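Geometric and topological summary
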Protein chains: 2
Amino acid sequence: MNDDATLPDALTFEARLDRLAEIAVKVGLNLAPGQEVMMTASLEALDLSRRITEQAYKAGASLVTTIYGDDRATLARYRLARDESFDVAADWLYDGMAAAFRKGAARLAIVGDDPALLANEDPEKVARANRARSKAYQPALELITTSTINWSLVASATPAWAAAVFPDDAPDVALAKLWDAIFKASRVDAADPVAAWRDHNAALRKRRDMLNAKRFRALQFRGPGTDLRVGLADGHAWMGGASPAKNGITGNPNIPTEEVFTTPHAAMTEGVVSATKPLSYQGTLIRDIRVRFEGGRIIETSASSGAAVLERMIGTDDGARRLGEVALVPHSNPISQSGVLFLNTLFDENAACHIALGQAYSKCFVRDDLSAAELDAAGANRSLIHVDWMVGSAETDVDGIGFDGSVAPVMRKGEWVD
Amino acid sequence: MNDDATLPDALTFEARLDRLAEIAVKVGLNLAPGQEVMMTASLEALDLSRRITEQAYKAGASLVTTIYGDDRATLARYRLARDESFDVAADWLYDGMAAAFRKGAARLAIVGDDPALLANEDPEKVARANRARSKAYQPALELITTSTINWSLVASATPAWAAAVFPDDAPDVALAKLWDAIFKASRVDAADPVAAWRDHNAALRKRRDMLNAKRFRALQFRGPGTDLRVGLADGHAWMGGASPAKNGITGNPNIPTEEVFTTPHAAMTEGVVSATKPLSYQGTLIRDIRVRFEGGRIIETSASSGAAVLERMIGTDDGARRLGEVALVPHSNPISQSGVLFLNTLFDENAACHIALGQAYSKCFVRDDLSAAELDAAGANRSLIHVDWMVGSAETDVDGIGFDGSVAPVMRKGEWVD
């Protein structure tokens, strides 16, 4: 095992970018020869998307199609479009993506949005546009959340994101720092990055198997501003690291990943929870979130900024007020230890224990063939959204509560008890 | 009328680009408020596509979605992909476009491809990839060729295109020259460009109405290397300039346009025709095309370069050997007079009389409600391709042949007779 045999001096930026592209294709997607790739990326991620395209063809992709988003086009819409525009989405494009997935395409998304892109736009318009987009995306998203296909997220640094993360640095310094943090978190510098990911996946699998052996009924979170009991779905299974999709391909849906996670029961969360990091939601930073659950449903919210966006987010549908995921991440992991607040869920969720409002992952069950009615009965939540937010810190304690009422310590001060 | 009141000194490059974007939206699409826009563009056309996006939102677009193509990704595929890749197309994306059109979206395409992009690639792979793409695009293309929706093509200069057009100039000079030629051909410099287009459309309409009044049975082309009789489809109608789509919107499908055109009879072209300009087809330049028709079908071909690509092109299907369009363009028009060989059909077809192999436009008929069977019976050609090539010059004579055998001069030495 050779995770830590890094080669920082030997690798140029371009070489690290190529390695990230290789990890995205070989570890993230574990692309099958002959498989089609549907990629989404911001125009600012062009360098990485082109390298991923090359790596995908090298790995045997039949065709790589990239749909580019453009922040400037998005802003032009908010500045210039008629009011009715904000209830419209490109449903034809999302339906097309779903069709691609149904015929076997893998899905890669490059993330790295400007966390404050829409901060100055009308939150009501932002919410309406997101709602329309979420609704249009639902058929495609379902094929992702049910792991019908192999899919993965990987990140590309952008100047706007870097400026938000490192506001005190010059633009080029901030960008270089963010890239460095992304490369490190994505295990790009290991002597053999693909082998390093194999070892890391084995470690996550061990933790996941331990939690599955315990078969808890609920988890109890305690920390500053948090006293929350999260009921787990009936027949839930813990997942983490590489996971097999229904198409038989075992990839890593998130690059990086440090979490093990499962499906809570949509009606069985009680108590109060306080976010331990700001949440960047569709262009707005929501700070100091604190909510109260009763019967699995949020009944009170507060936030020191972005409260209106939070309210609109949880107003998307009934499921947006309920939990669809709970995840355990030790505070000592490399992303947390970097001390960087990435303002991006893909990274920040790997720095801390977290919960997600909205759609549950149907794959987080012992049985992988549950019908929609069976998933409902087991407590799997349904929603147009799936939004992770951080509730763990170095002060977080987690207990597992058994069906016999027994209480077993799972984490103390943010670290695994074992 | 003020077509020629140009303001060359008053307009910056940016202002001309904004005007081209405005023409694309207001003249090309004649976008209806609330209409969605599906745009395709090369990444190199980003500046123009963003300005079109702005103009579209200003004109009331509900949503503008741009699908960007990337030459480097295309080349990566030819360099790295497995052989089977070249029979695959993103059918899910083209089906999505067709779905967008069916629900009312307008379609704008920014052209400006590198005419030699695929010149060094295996022509067989190029042909297979184009065939797969054409097949996938067919349902969407049909909604365009039948004018079910308003659509338009507009051009953006690119360094590779400019280098091909102006090989003796420095790159920045070539690019500036090509932009200037595009702006002039697109009537960007008129005092009021939208009004100039209104006047130009009226002039084309007058010529079109005159040809429709004559109701010729066939056209006879004569010139160096050309002695060709093109039978016209039964009930054909001449079109040109602005034309109403079936959705009730009258736009200009081509920016620029100087042609009047109609549908030939697929089985009634006889004789020999020589191209008067090179044809840029899917990345290859085909020079000195000369073909012989018998019974409407090409039975002999030759070309001084690109002959294999020509053979593969006309081998796409039976309709690829037959005519789907015939167009008359006076030699004295501004694009021809510029002397620039654009190596791009959108421009070069407006410099000369031309014919197209492949799919006919069903809109070029007196009746606009012909069934597929009626179109077949009238002689409208069917094919996966539609490729225009230039057969007119300052030496071209065209006669119109009436149903009574009468012969009327239509053009002499490339100019209208009237």
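Model, not experiment: these values are computed from the prediction. (Residues numbered from 1 in each chain as written. Chains lettered and ligands numbered in written order. Predicted model: local features only at pLDDT ≥ 70, side-chain atom pairs only at ≥ 80, totals over all residues. Heavy atoms only, no water.)

**Digging into the confidence of the model for chain A**
To keep it simple, the criterion reads: For every residue, the predictor states its confidence as a pLDDT score lying anywhere from 0 to 100.
Summarising the model, chain A shows a mean pLDDT of 94, and 98% of its residues fall at 70 or more. We note a pTM of 0.84 for the whole complex and an ipTM of 0.83 for its interfaces.

**Points about unusual backbone geometry**
All names here are of chain A. Here is the rule: Runs of H or I in DSSP of at least four residues are treated as helices and runs of E of at least two as strands, each being numbered from the N terminus. The buried label goes to any residue with under 20% of its type's maximum accessible area, the exposed label to any with over 50%, and the partly exposed label to all in between, with areas taken from a 1.4 Å probe on protein chains only.
Of note, the bond from Ile255 into Pro256 is cis; its omega dihedral lies within 30 degrees of zero at 5°. With respect to the secondary-structure elements, Pro256 resides in the loop between strand S9 (250-251) and strand S10 (260-262). With a phi angle near 50°, Ser147 is a residue other than glycine that sits in the positive phi range. Turning to its location among the elements, Ser147 is positioned in the loop between helix H5 (123-145) and strand S4 (151-155). For Ser147, a relative accessible area of 4% corresponds to the buried category.

**Considering the pairing of strand S10 (residues 264-274) of chain B**
Residue and element names in this part refer to chain B. Note the cut-off: DSSP bridges decide pairing: two strands pair if at least two such bridges lie between them.
Burial analysis of S10 places 8 of its 11 residues in the buried class, which makes it a mostly covered element. The sheet contact formed by S10 and strand S13 (residues 290-294) spans 4 bridges and is antiparallel. Within the sheet, the bridge partner assigned to Gly271 lies in S13 and is Phe293.

**So, the layout of surface pockets**
Residue and element names in this part refer to chain B. To keep things clear, this is the line we draw: Only protein atoms enter the 1 Å grid, on which a cavity is a set of points fitting a 1.4 Å probe that cannot get out and a pocket is an open set with protein on both sides within 12 Å along at least 5 of 7 lines, lining residues being those with an atom within 4 Å of a point. Grid points are joined across faces, edges and corners, and a volume is the space filled by probe spheres set on the points. For this scheme, ten residues count as nonpolar: Ala, Val, Leu, Ile, Met, Phe, Trp, Tyr, Cys and Pro. Four count as charged, namely Asp, Glu, Lys and Arg, and the remainder, Gly too, count as polar. All the domain ranges listed were derived from an automatic or database domain assignment.
Computed from the structure, the largest pocket encloses a volume of approximately 620 Å³. Surrounding the largest pocket, 33 residues form its lining, Thr146, Lys246, Ser362, Lys363 and Leu375 being those nearest its centre. The class makeup of the residues in the lining of the largest pocket is 14 nonpolar, 10 polar and 9 charged. Each of domain 1 (13-185) and domain 2 (215-242 + 258-416) gives at least three residues to the lining of the largest pocket.

**Let's talk about the relation of the copies chain A and chain B**
Let me state the cut-off plainly: Alignment of the copies relies on least squares applied to C-alpha atoms, considering only residues that score at least 70 for pLDDT in both. By definition, residues are in contact when any of their heavy atoms lie within 4.5 Å.
Its rotation angle being 180°, the transformation that places chain A on chain B also includes 0.0 Å of axial translation and leaves an RMSD of 0.1 Å. Overall, the copies show the geometry of a two-fold rotation axis. Judged by C-alpha distance, Gly96 of chain A is the residue of chain A that lies nearest the rotation axis, at 2.5 Å. Looking at chain A, 100% of its interface residues are interface residues in chain B too, so the copies touch through the same face.

**A short note on the pattern of salt bridges**
Condition: Any Lys or Arg side-chain nitrogen located within 4 Å of an Asp or Glu carboxyl oxygen qualifies as a salt bridge.
Tallying each qualifying case throughout the model produces 52 salt bridges over all chains. In this structure, the salt-bridge partner of Arg128 of chain B is Glu124 of chain B, at a minimum N-O distance of 3.8 Å. With Arg128 of chain B and Glu124 of chain B both in helix H5 (residues 123-145), this residue pair falls 4 residues apart, about one helical turn. The exposure class assigned to Arg128 of chain B is buried, which follows from its relative accessible area of 15%. Of the residues examined, Glu124 of chain B reaches a relative accessible area of 36% and is grouped as partly exposed. A salt bridge links Arg367 of chain B to Asp369 of chain B, with the nearest nitrogen and oxygen atoms 3.0 Å apart. Using a relative accessible area of 42% as the deciding quantity, one classes Arg367 of chain B as partly exposed. Linked through salt bridges whose partners overlap, the residues forming this network are Arg16, Asp180, Lys184 and Asp189 of chain A.

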